[in-house]
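Understanding the architecture of this molecule
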Amino acid sequence: MSGCARRWLAALTAAAMVAGVGGVAGVGGVAGVGGVWAIRPAFGQPGVGSSAPGSPRLEIDDCGSRPELGPERLRQLAGEHYDRGDVLYVQGDYVGAVSELVSSYCLIPHYRVLKDIGQAYERQLEYSRAIAYLKRYVAAVPDDAKAAACAPDPKEDKRNVSARIEVLSSLP
């Protein structure tokens, strides 16, 4: 896993420990400098912007219950899945990448992973699924999100991903 991905997973887990939830129970996002995270306690429930009528049901809508593990172990497992997903993506195994990224998201749901899953579906030319995940990403990025190390400015990225959704929506 890249150093950037490890840092956001570690910050998310640390914030969850402070909040007393032993991990993350929903979509979190950077709410300020220094890793203050917004935690939404609804694990196992549809995520932000859950499937609208006519949209495909997404794998993340069926995460199920999270294993009863400590925050460090959850972070480790989520990181391992994310890392495998990243390697599979680079190797061109987008189906495998989606599986691993979804597993990571189900352990520690964070909006950045939604974009990664959407990009993997885009590479598979599964545009409706790509659009659905990218829409979830746009909906999940907090309005007050700040750029993390190695990550684009969230407000600018939201605009770019929204434009990308428009382009993908026009494809056959």
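A brief report on the enclosed structure follows. Every value quoted in this text rests on a predicted model; they were computed, and no experiment measured them. (Residues numbered from 1 in each chain as written. Predicted model: local features only at pLDDT ≥ 70, side-chain atom pairs only at ≥ 80, totals over all residues. Heavy atoms only, no water.)

For the pair helix α2 (residues 71-91) and helix α3 (residues 94-107), interaxial distance at closest approach is 7 Å and the crossing angle is 160 degrees. Classified by the angle between their axes, α2 and α3 sit roughly antiparallel to one another. Here α2 and α3 pass one another in a crossing that is left-handed. Between α2 and α3, the contacting residues are Leu 74, Leu 77, Ala 78, His 81, Tyr 82, Arg 84, Gly 85, Leu 88 and Tyr 89 on the first element and Tyr 94, Gly 96, Ala 97, Glu 100, Leu 101, Ser 103, Ser 104 and Leu 107 on the second. Residues belonging to the contact of α2 with α3 are distributed by class as follows: 10 nonpolar, 5 polar and 2 charged. (Axes fitted to C-alpha atoms, helices over the stretch in contact; angles between N-to-C directions. Helix = DSSP H or I, 4+ residues; strand = E, 2+ residues; numbered from the N terminus. Parallel < 35°, antiparallel > 145°, perpendicular 65-115°, else oblique. Left-handed = near helix turned anticlockwise from the far one by under 90°. Contact = heavy atoms within 4.5 Å. Nonpolar A, V, L, I, M, F, W, Y, C, P; charged D, E, K, R; others polar.)

Our focus in this paragraph is the environment of Val 102. With respect to the helices and strands, Val 102 occurs in helix α3. Between the alpha carbons of Val 102 and Ile 117 there is a distance of 7.3 Å; along the sequence they are 15 residues apart.

To continue, consider helix α5 (residues 127-140). For α5, spanning 14 residues, the distance from its first C-alpha to its last is 20 Å, which sits close to the expected 20 Å at 1.5 Å a residue. Buried residues dominate α5, accounting for 11 of its 14 residues. Those residues of α5 lying buried are Tyr 127, Arg 129, Ala 130, Ile 131, Ala 132, Tyr 133, Leu 134, Arg 136, Tyr 137, Val 138 and Ala 140. Next to the buried residues of α5 lie α3, α4 (111-123) and α6 (154-169). (Expected span 1.5 Å × (residues − 1). Buried < 20%, exposed > 50% of the residue type's maximum accessible area, 1.4 Å probe, protein only.)

Taking 1.5 Å as the rise per residue, α3 with 14 residues should run 20 Å; its terminal C-alpha atoms sit 20 Å apart, in good agreement. α3 sits mainly inside the fold: 11 of its 14 residues count as buried. Buried within α3 we find Tyr 94, Gly 96, Ala 97, Val 98, Glu 100, Leu 101, Val 102, Ser 104, Tyr 105, Cys 106 and Leu 107. Of the surrounding secondary structure, the elements contacted by the buried residues of α3 are α2, α4 and α5.

Turning to the nonpolar core, a few remarks are in order. In terms of nonpolar packing, the biggest core is built from 30 residues, with Ile 60, Val 102, Leu 114, Ile 117, Tyr 133 and Tyr 137 touching the most fellow members. Elements represented by at least two residues in this core include exactly α3, α4, α5 and α6. Per-element accounting of this core gives the leading share, 9 residues, to α5. Core analysis: the second largest hydrophobic core is formed by 5 residues, Leu 74, Leu 77, Ala 78 and Leu 107 among them. (Core = buried A, V, L, I, M, F, W, Y, C linked by side-chain atoms within 4.5 Å.)

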